[in-house]
Amino acid sequence: MATLYLVLLTLHNLNRWVILLTGLWALAQTIPGLSSGRPFTPADRRPVAAFMGSLHLQVVLGLLLFAFMGMQNIPVFAGAPRPSFQWEHLGLGVLAAVFATLGSIQSRKAAADPLKFRAAALWTGLSMIVILAGIPWWRPLLRFFTQ
């Protein structure tokens, strides 16, 4: 069971970097489109969808970790700056995934291209802010099968 915990923790940690990179990619693709007047193409949609998908994976990995740690009586976020951080982390992760989903849906369904760029940039930006607030920065930045 300890191996499963380390695998989940490593995947959760590595996926954090995928999320940050795809979020920056989505912002770099959509922010210039706000004022360019160009059409919203599948190439503009790809990073927004990748960002949302990686966030959904992160929430699933996080929930599995949370459940596994509870079953094994492993302290969640030992050494956290405050005892409530585990709930803040969980809530902010779900909120970030909701924001990314809204950005993906609204950028796909908006009637005009400027509205698609605006929705993608706004919700991705809000999601990135929430993500940065929820990351436990005191923990190792890269974790490969270690606690």
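Structure shown above.
This structure is a prediction, so every number in the text was calculated from the model and none was measured. (Residues numbered from 1 in each chain as written. Predicted model: local features only at pLDDT ≥ 70, side-chain atom pairs only at ≥ 80, totals over all residues. Heavy atoms only, no water.)

(A) Fine view of the side chain of Ser127. Checked against the element boundaries, Ser127 lands in helix 5 (residues 113-134). In contact with Ser127, not counting residues within four places along its chain, are Phe51, Leu55, Ala96, Phe99 and Ala100. (Helix = DSSP H or I, 4+ residues; strand = E, 2+ residues; numbered from the N terminus. Contact = heavy atoms within 4.5 Å.)

(B) Seen up close, the nonpolar core. Within the largest apolar cluster, 15 residues are counted, with the highest numbers of intra-cluster contacts made by Phe51, Leu55, Met128 and Ile131. Elements that contribute at least two residues to this core include exactly helix 1 (2-30), helix 3 (42-71), helix 4 (85-109) and helix 5. Per-element accounting of this core gives the leading share, five residues, to helix 5. Among all residues touching Leu55, those that are not within four sequence positions of it are Ile19, Ala96, Ala97, Ala100, Ser127 and Ile131. With eight residues, the next largest nonpolar core counts Tyr5, Leu6, Phe68 and Met69 among its residues. (Core = buried A, V, L, I, M, F, W, Y, C linked by side-chain atoms within 4.5 Å. Buried < 20%, exposed > 50% of the residue type's maximum accessible area, 1.4 Å probe, protein only.)

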